[in-house]
Structure formats: C-alpha cells, structure tokens
Amino acid sequence: MTEVDYSLSTDSTPRPADANLMPPLPPQPKSLRETGLERPLVVELIAKLMFVGGKTHLSALTTRLRLSINVLREVLDFMVAEQMAEVAWRGESDIDVQYQLTGAGKQRASAFLERCAYIGAAPVTLEAYRAMVARQSWQAQEQRVGSDDLAAVLGGAHAGPGMLDVVGAALHSGRSLLLYGPPGSGKSTLALQLGQLLHGLVAVPYAIVVGQDIIQLYDPAQHLPPAPQHVSHARQALERRSTDIRWVLCQRPVIHVGAELDAGMLELRHDASGACYQAPPHVRANNGMLIIDDLGRQRLGAPELLTRLMQPLARGSDQLGLPGGVQISVPFDNALVLATNLPPGELFDAALLRRIGYKVQVGPLAENTYRALFRQQCRLAGMAIDELAVNHLLQLHGAQGRPLLASYPQELLARIGDFAGFAGCEPRLTLAALEQAWGSLFASCDMPAASLCERIA
C-alpha cells in the first residue's frame, strides 16, 4: 500500500543557521598539478571528446570536462607539441580558439575509446573525495537535530509515547534507526521526512579516479540541486571565489532503496556502455541518509544485509573491489534508516538486533490525529470537509476492526476522485462516496445498488 505524507505541519521555512551550512568548496585548480590528475588521463579525456565532436572550441572543452582554461591549455600545448592535436581556428583573443585532432591523435583517441568510453567531467582523486566527505560529514553539522526540528518537519502525526524522542536521539547520535510496523503505517514516509532534517548543502564530485579506473558518483536524479531557500546562498558561495567545477553543490542526499536491493548493488557496478564504474547507493548517500525499505524482502537475507553494512558504517569506510583484486577504501558517512513491516525478532537474532542503534514502532494513529490527518488530506485534495463523513469513516474502522493507519485517508480520497472522474462528476466527500471508496480499498463493504453519479453526488 502506498505510503503517504501525513505530517500535520507544512512549515518549511529555513532556519537562519541553514545559510551558514555551506560546504568548503575547493578552489579552482590553476595548473594540472593542482588538479591531482595525471597528464595522460586528461590527454585521454580531451582526445576522446574531440574525436566524437570534431573541431572543438576551448570554451566547450571547459564546459564538458569541468576544467579551467589554464589547465586545458597546459595539456593542449603538450598535445600540439606531440602532434596529437592542432589549432583549427584562432580568433582575436587568446581563448577564442578551436582545436582538432591530427591523424595520429585520432588513432590514439580511438584506442582510448576502446579501453574506456567515458566522456564527461574530469574526475577528482579518491584522496580529495575522502577529505571532502570528512569535512562535510552530516554528523559534524553545526546545529544538531532538536525537538523543534522534528516538530517542524513531522508535526504531531507521529506523536506516539516517546517516539519523537527516540527518533531525535538516533539522529543526534548518528547510530542506525529501525522503523517497524504494519503496512500502511507510514514508515517509508517517516523515513523520507527525516531526510529533511539533514540541513545544509554538500559538494559531490561528478566522478572519482583510482589508477586508470573512473567511478561515476554524481547522479542528478539522487543528488538534487539546492532548495529554493538555499539558492541565493549557494550562488554567493560560488561567486565569492573561483571554485573547482568538478564538484556539484547539492542538497544532502537521501537515497531510498527497497526490495530490489541485492548483494551486487552494494559493490561497484561496471557500466558496459560507458566502460566505467557506477558507485553503489551507500556511497552516493555519503554526507546524507541511506533508507533501506521493505527490509526482509530483498534477495539478500536481512542478517547478511545488516552484517554487510554495519561494520563499514561503524568504521566510517567500506572496501570495494576493482579488477585484479584491487581493494579501495571509500568513505561511508550517512544516517542509516531501516524500515520493515515484519517483526524484528523474525528478521534478526538478539545479537544482530543489538547492533541496530534505535528501534521505533510505527503503528496506528490516535483518533484525534487520524481526524486531523483526514482533514489535511481533504484540503490537499480540494474537497470540502464533511464532519459527518469523518465520523462515519471512524465507524467503518471500528465496525471492521481496521486500525487507523496513516495511508488510509489519502488512499480513500484518491479513490473518491477516481470514481468521480470516471463518472464525469466533481469529487465530493459524502457518505456514499466514502463507502464506495472503502469497498474498493478493502472489498469488504456491502454497498447499496445505485448509479455511480448517485453514489458520488
């Protein structure tokens, strides 16, 4: 059943402290040496780009490779001297110039592409990435998560006895958190909302290099641009000084994986189309949050999964394998949140359960909270609130012994909208419409025979 947003608070106003949580962006390298990259690698990147694009302007190389003009001209001068490249056209200024490969350069570029088809932003070194992750660790935030933070994001929807205290303590400590409860109770939504509590921005590299192997790390679908309240601060941070544009300024990542997770996804994945490697989800989640949903439904057993993650999380680094038996150490810095609708005792033995920092049961809502949530969902759906219908809904729950789970209000109102749309009527919250939606959700409600429009009207 779909998890829904059942926070009773919609206040997303950023706190003043957020503006100060800018990552320490590295300065723009002014020479090849300052990039930390070997010259053959940059030669290869330039050659492959020009092989595919033909005559290429210096500014286009800067845009695609994310390297400064000074660095590119240093390497291009070498390529010209080695007769791999030549100036195809020159304008009035020193930077208004186009380059192209020579015949020998095209042969070299073709060989480069056969070995590795990656054409994109120049990588950063693994050492530079480790240092950046350490500087912007989510656990080193200037302002830790407090009760006001939780209340602003979650409202009162999770106000079980002591629940917010346990969640807050887990985030404050940096230890793992297990959310468990029946399907539809809102565990997934709660986990995603907790990701909103990781304030500030982080710098993420497009890729990292280890030897001759390139590992792509930045994913625009998962590394989101700065939120509107941070855009002006991010722009100021970029304009204050010339920065290394091999890094992207992003929100702290919240990576969500579910039953599709298997052991192979936790390792480097070779991308045959690009002949490079893709970083696993727990690496892409660095400086943010990793959410593993539907725990116990993966093809990898829950005990094996927990063992695979807990040791690297505790030491702050993970070992990943490259061809030839090469092992590299990558940072592991994220808040780990697990969610399951299975009893924890059925998933883990006592020893493994002890290794999970905090456990929170997410169950049915209190009646007043459920009422408030239903009213909120009515407002979001654009339906007028009918208190008689709300009372009737609670009677249906009682008559059939259905717990007051957080997913039901949105599910029911969505069905009312579906039936109304099919019948060409405006969706309205009525007793008949509510019963029709209830019956379609649970297939357990006796409905009177009536036309569709009559039920909705």
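Just so you know, the residues in each chain are numbered from 1, in the order the chain's sequence is written. Since the coordinates come from a predicted model, pLDDT governs what is reported: local features require at least 70, and pairs of side-chain atoms require 80 or more to be given and counted, while whole-chain, interface and lining totals use all residues. For the side-chain quantities, the full set of heavy atoms in the structure was used; hydrogens and water were omitted.

### Some points on the packing of aromatic side chains
Two descriptors summarise a pair of aromatic rings, namely the distance from one centre to the other and the angle between the planes of the rings.
So, step 1. Only centres within 6.5 Å qualify two rings of Phe, Tyr or Trp (six-membered ring in Trp) as a pair; their planes then separate them into stacked at under 30 degrees, edge-to-face at over 60, and tilted for everything else. Within this structure, the stated rule accounts for three aromatic pairs.
So, step 2. Between the aromatic rings of Y206 and Y218, the centroid separation amounts to 5.2 Å while the plane-to-plane angle is 70 degrees, which identifies the pairing as edge-to-face. Of this pair, Y206 sits in the loop between strand 6 (201-205) and strand 7 (207-210) while Y218 sits in the loop between strand 8 (213-216) and helix 10 (228-239), placing them twelve residues apart in sequence.
So, step 3. Throughout this description, buried means an accessible area under 20% of the type-specific maximum (1.4 Å probe, protein chains only), exposed means over 50%, and partly exposed covers the range between. Of the residues examined, Y206 reaches a relative accessible area of 22% and is grouped as partly exposed.
So, step 4. Relative to F442, the ring of Y408 lies with its centre 5.2 Å away and its plane at 90 degrees, an arrangement referred to as edge-to-face. Taken as a pair, Y408 in helix 17 (residues 408-423) and F442 in helix 18 (residues 431-442) lie far apart in primary sequence, 34 residues in all. Here Y408 and F442 have matching classes, each one buried.
So, step 5. Sitting over a ring, as applied to charges here, requires NZ of Lys or CZ of Arg to be within 6 Å of the ring centre and within 35 degrees of the ring normal. For R39, the ring lying beneath its charged end belongs to F78, and the centroid distance is 3.8 Å. Numbering of helices and strands runs from the N terminus; a helix is a DSSP stretch of H or I covering at least four residues, while a strand is a stretch of E covering at least two.

### Brief notes about the packing of helix 15 (residues 367-381) against helix 16 (residues 387-400)
So, step 1. Two elements in contact, helix 15 and helix 16, have axes whose closest approach is 11 Å; the angle formed by their N-to-C orientations is 130 degrees. On the basis of the axis angle, helix 15 is oblique to helix 16. Considering only the axes of helix 15 and helix 16, their crossing is right-handed. The segment helix 15 lies against helix 16, with E367, Y370, R371, F374 and R375 engaging E387, V390, N391, L393, L394 and H397. Fitted lines through C-alpha atoms serve as axes, helices being fitted only where they are in contact, and the angles separating the N-to-C directions of these axes extend from 0 to 180 degrees. For classification purposes, angles smaller than 35 degrees are called roughly parallel, those larger than 145 roughly antiparallel, those between 65 and 115 roughly perpendicular, and all remaining angles oblique. Should the near helix be turned counterclockwise from the far one by less than a right angle, the crossing is left-handed, whereas a clockwise turn marks it as right-handed. Pairs of residues are marked as contacts when any of their non-hydrogen atoms sit within 4.5 Å.

### Notes on the nonpolar core
So, step 1. In these notes, a set of buried Ala, Val, Leu, Ile, Met, Phe, Trp, Tyr and Cys residues joined through side-chain atoms within 4.5 Å is what counts as a nonpolar core. Counting residues in hydrophobic clusters, the biggest one holds 35 residues, and the most contacted among them are I46, M50, L76 and M79.
So, step 2. Elements represented by at least two residues in this core include exactly helix 2 (39-53), helix 3 (58-65), helix 4 (69-81), strand 3 (97-101), helix 5 (103-115) and strand 7.
So, step 3. In terms of residue count, helix 2 provides more of this core than any other element does, eight residues in total.
So, step 4. Counting residues in each nonpolar core, the second largest holds 26 residues, with V124, Y129, I215 and L268 among its members.

### Some words on the sheet that holds strand 2 (residues 85-90)
So, step 1. Criterion used throughout: strands pair if DSSP finds at least two bridges between them. What the three strands build is an open sheet, ordered 1-3-2; its pairing is antiparallel. Both edges of this open sheet fall to strand 1 (56-57) and strand 2, since each of them pairs with a single strand only.
So, step 2. Relative to strand 3, strand 2 runs antiparallel, the two sharing five bridges. Across the sheet, E86 pairs through a bridge with Q100, a residue of strand 3.

### Quick look at the confidence of the model for the protein chain
So, step 1. Along the chain, pLDDT gives the predictor's confidence residue by residue, from 0 to 100. Across the protein chain, the average pLDDT comes to 87, with 86% of residues at 70 or higher.
So, step 2. Low pLDDT, under 50, characterises residues 1-19; the stretch is placed with 62 contacts to residues that sit more than four places away or in other chains.
So, step 3. The low-confidence segment residues 445-457 (pLDDT under 50) makes 32 contacts with residues lying over four places distant or belonging to another chain.

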